[in-house]
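What the coordinates show
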Amino acid sequence: MMQKRSITQKLSRLLANNAVPVIFIFISAGAIPLSGFSATYLIQELLIRVGRNSFLILSLLVPIMAGMGLNFGMILGAMAGQIGLVFVSDWAIVGIPGIVLAMIIGTPVAVALGLLCGNVLNRAKGQEMVTSYILGFFINGVYQLVVLYFMGWLIPIASPSLVLSRGYGIRNAISLLGIRTVLDRLLPLRVGPFDVGSFHLDVVNIPVATYIVIAAFCFFIVWFRRTKLGQDMRAIGQNMAVADSAGIPVNRTRVIAIVISTVLACYGQVIFLQNMGTLNTYNSHDQAGMFSIAALLIGGASVSRAGIGNVFLGVVLFHLMFIVAPMAGKNLMGQAQIGEYFRVFVSYGIIAVALVLHAWNRHNERVDARRSLRGPTDAKAKEAA
Amino acid sequence: MRKTVRKKRQAIHVFKKFVDMAGWPRIIIGIFLFSLFMAAPFVGVLISTSLSNTLERFGMNGVLVLAMVPMVQAGCGLNFGLPLGIISGLLGSTLSIELGARGIGGFAAAIALSVPIAVILGYGYGQLLNRVKGDEMMIATYVGFSSVAFMCIAWLLLPYRNPTMIWGYGGSGLRTTISVNGYWFHVLSDFWAIKFGHFLFPTGMFLFVALMCFLIWLFMKTKTGTAMTAVGSNPEFARASGVNVDRMRIVSVVLSTVLGAVGILVYEQSFGFIQLYMGPFYMALPAVASILLGGASVNKASIWNVLVGTFLFQGILTMTPSVINNVLQTDMSEVIRIIVSNGMILYALTRKVQVKR
Amino acid sequence: MRALQRSVVLCLILALSVGLFYIGREHQVFLDNKTIEVDGQSFRALKFVKITVRTQAGDAPTIELMPRDRDLAKVTGPSFQIKVEVMDEFGEKVEKVIEKDLTPGFSKDLMLSMPLLAADRDDYILPPPAVQAPSSERDTEPSEETLALPTEPVPDP
């Protein structure tokens, strides 16, 4: 009887873990023909978007490893990256040096914000996600205070093309012409055209350098899991009390996990924006957080378990939906706006569903644990009652 | 000599007691607000206008903030899922306009239409929250967000006919903002309104808010209400004494959702517009911040917290733009609002755990 | 020991930043072909001039200037070469070729006066013109809509 239950449990868990990607594969399979996009267009778009977003999403993995859930505070790192980019555009540093310099400037800001975030989260154990979420809003206010009021006044910004006409504050949209797609174009690779039977594919460009950076990051994650620090984080993620009694400095390790995530999110945002070519000073970071988390969850990750595979599956599926939904909505309902709202709905809905599934599993586990503690007779008595 | 020392000690003791009771954030914000009111005449801001603005916004938001109380009391955490209640209210108000109901009757119709919707939605929402105990707040946030996004699609597709609400020029679906002017604009606010000079006191709205507060206060005194509070403060104990914890939680969520629906109606009749689509998206945050500012914690809230918090929060929102902008010649109100409201929530979230340990 | 290591790393990063700043800086080179007066002497604008600006990255397209023209070349990096071909007014015969190596280094923008260059003077580098604010299309403050948080409108007075 014991075994039987475990098998059904395993099966349901397997389904629960993979239900989301499967649903998305079905949605995309239905929506792609409806949208009427060509394969070449879709593949080219996907190649660009995977390169653009993967780094940001990968930055979420470390806190999950440490059992801190989805790091909604990653937008702190994104803000740090944007501050770096503002300075770099002010100084007119272009090309790869511009990108690297933006990252270097963003790093201390990201470390400081990460330390703050880690320490705040240590005071709210068990509520990390909602706390990091609100912290993101809070720091967003501080960021606006700095960028909208201090820059150009307390913080010197020379370039008039960045500053609002009133004399201080950064403009709403900043063109990053100097560093636009420089990383993507560093090692260009053109592939195609192909013809496989009736399947035709035109020339597609692959941003090789961006993918090399992403691959390096993946290797970093794999290597990091094996280090002492990585092992400590996993132990904390399993059980904080046990890890504490084993002599692992729990609070310190958790702060480090958040700092790493924040700094990497900062780099991710710089990579993201070099591809976009425009910095929306006051909302680029917001979208970064929401879309990254939604993509990771669509890839089948849960709040407590996420791997590199989830990242790439998620980014492909999420962006596939992102590209085809408006067109599919237009062709199906006659309104592109429906598709637009649909993808917003899906991004939020998927996060809600993933959080519910996670909480539900945990709840069931707790109930099971209680039942096994009480012993079989008690459980039977309860069932009878 | 000794006497003065003792007196000093006593004074410090009284002061400490006061600080413990009121809490530092309220004292700081209170002093800030007070100084804003003091500074107002010197920078050319009329106190009567600002005070009446503050009062009007207090009335507009009062019931929305009150919607936090039942869920917090039942231990379901802060109701970040308030948009769900707001959506019920939006459905009710658009339906009442569709039916062409006007005046007080129209407002009553809107309430009558939205309450059943809120009960149904709240029941489902409560069922969901019962399965995710411990993670309510994060899930509530995203349930709120996704329901708002879902309703965006619905607003486009629902078969409304009233020309004041749908897009002209061959567009389909409801407008982003719908005026309630000519239907039930200011039906509460203008009821017995007292006016002298620039000062306007929306008596009707205040009476309504007071009535709602009184009803909730009364409910909390009933057997169900006390059982609910017991569930919030000690679920194990409540279970042991024979209270159905899950049922109590559902009752609280339904109540919160209904209050959210009524709250948005009060808001709309004063504001004059129904805001659809992404309008309700971030409405939970100010309400959450208000009740926390009023001294509530993540698992304990009272009517008193609602009143104090709403007054302080709305007071700051009204006063900072007028006073600070006159001093600095810039509009910093948006940023101050973000920092104050989220700082407040952050403070509450980090404090709760400390108390527990 | 650890502090020492850290400060060494910090210094290295600082040096790297300065290096990146040096090699990555974009300079706007204004090429000016206007009549100019220096030391009481007047230098007439050239009839026709062809300019090639070359950086490490390779050739930039050639810029042709008529009298009273001013154009802009963007160069990246601490140094660049400039080749000026002074032509007759029909643009057929090359009258004079001047080649110069320039190193703006850390400074930002500069302006080169063609008449002074053609006259073989050394003071051909002028301060850049005052930068005009860009067109007013993006000249708006961020509207409430784009700010991230609750956009609760103020009640009508």
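Structural data are supplied above this passage.
Residues numbered from 1 in each chain as written. Chains lettered and ligands numbered in written order. Predicted model: local features only at pLDDT ≥ 70, side-chain atom pairs only at ≥ 80, totals over all residues.

1. Quick word on the overall build of chain B
- Across its full length, chain B carries 14 helices and 4 strands.
- Taken over the C-alpha trace, chain B has a radius of gyration of 22 Å; the compact-globule value for 357 residues is 21 Å, and the two agree within 12%.
- With the C-alpha coordinates of chain B rotated into their principal frame, the extents come out at 85 × 60 × 35 Å.
- Counting across all 357 residues of chain B, residues that qualify as buried make up 53%.
- A separation threshold of at least 6 residues defines the contact pool for chain B, and within that pool the share at least 24 residues apart is 75%. (Helix = DSSP H or I, 4+ residues; strand = E, 2+ residues; numbered from the N terminus. Rg over C-alpha atoms; globule rule 2.2 N^0.38 Å. Buried ≥ 20, exposed ≤ 12 C-beta atoms within 10 Å, placed from the backbone. Contact = placed C-beta atoms within 7 Å.)

2. Concerning the overall build of chain A
- In terms of helices and strands, chain A carries 15 helices and 6 strands.
- For a compact globule of 385 residues, the expected C-alpha radius of gyration is about 21 Å, and chain A comes in at 23 Å, within 12% of that figure.
- For chain A, the spread of C-alpha atoms along the three principal axes comes to 75 × 60 × 40 Å.
- With 385 residues in all, chain A has 49% of them scored as buried.
- Taking the intrachain contacts of chain A between residues at least 6 apart in sequence as the baseline, contacts between residues at least 24 apart amount to 72%.

3. Some thoughts on unusual backbone geometry
All names here are of chain C.
- A positive phi is found at Asp39, a non-glycine position, where the angle reads about 55°.
- With respect to the helices and strands, Asp39 occurs in the loop between strand 2 (36-38) and strand 3 (41-43).
- With 7 C-beta atoms packed within 10 Å, Asp39 lands in the exposed category.
- Backbone geometry places Asp120, a non-glycine residue, at a positive phi of 60°.

4. Considerations on helix 3 (residues 47-66) of chain B
- With 20 residues, helix 3 of chain B extends 27 Å between its outermost C-alpha atoms, agreeing within 8% with the 28 Å of an ideal straight helix rising 1.5 Å per residue.
- The largest bend along helix 3 of chain B reaches roughly 35° and is located at B:Met60. (Expected span 1.5 Å × (residues − 1). Bend = angle between axes of the 7 residues up to and from the residue.)

5. So, the packing of helix 4 (residues 74-91) of chain A against helix 12 (residues 284-298) of chain A
All names here are of chain A.
- Where helix 4 meets helix 12, the closest approach of the two axes is 9 Å, and the angle between their N-to-C directions is 140°. Once helix 4 is placed against helix 12, the crossing between them reads as right-handed. Facing Met74, Ile75, Ala78, Met79 and Gln82 of helix 4, the residues of helix 12 in contact are Ser284, His285, Asp286, Ala288, Gly289 and Ser292.
- In terms of residue class, the contact of helix 4 with helix 12 is made up of 5 nonpolar, 5 polar and 1 charged. (Axes fitted to C-alpha atoms, helices over the stretch in contact; angles between N-to-C directions. Left-handed = near helix turned anticlockwise from the far one by under 90°. Nonpolar A, V, L, I, M, F, W, Y, C, P; charged D, E, K, R; others polar.)

6. Notes on the sheet that holds strand 1 (residues 26-33) of chain C
All names here are of chain C.
- One open sheet holds the 4 strands; their spatial order is 7-1-10-11, and the pairing between them is mixed. The open sheet has two edge strands with one neighbour each: strand 7 (69-76) and strand 11 (125-126).
- Relative to strand 10 (residues 110-113), strand 1 is paired through 4 bridges, and the arrangement is parallel. The partner of Leu31 across the bridge, within strand 10, is Leu112. (Pairing = 2+ DSSP bridges.)

7. Describing the interface of chain B and chain A
- Between chain B and chain A, the residue contacts involve 32 residues of the former and 36 residues of the latter.
- Elements that contribute at least two residues to the side of chain B that touches chain A include exactly helix 7 (136-157) and helix 14 (333-356) of chain B.
- If you tally residues by element for the side of chain B that touches chain A, the top one is helix 7 of chain B, at 13 residues.
- Residues of the side of chain B that touches chain A, tallied by class, amount to 21 nonpolar, 8 polar and 3 charged.

8. Comments concerning the pairing of strand 9 (residues 94-102) of chain C
All names here are of chain C.
- Where strand 8 (residues 80-87) meets strand 9, 8 bridges bridge the pair, whose relative direction is antiparallel. By the bridge assignment for strand 9, Val86 is matched with Lys96.
- Counted along the chain from strand 8 to the antiparallel partner strand 9, the turn is 6 residues long, and its residue Gly91 has a positive phi close to 75°.

The values reported here are purely geometric and, on their own, carry no functional implication.
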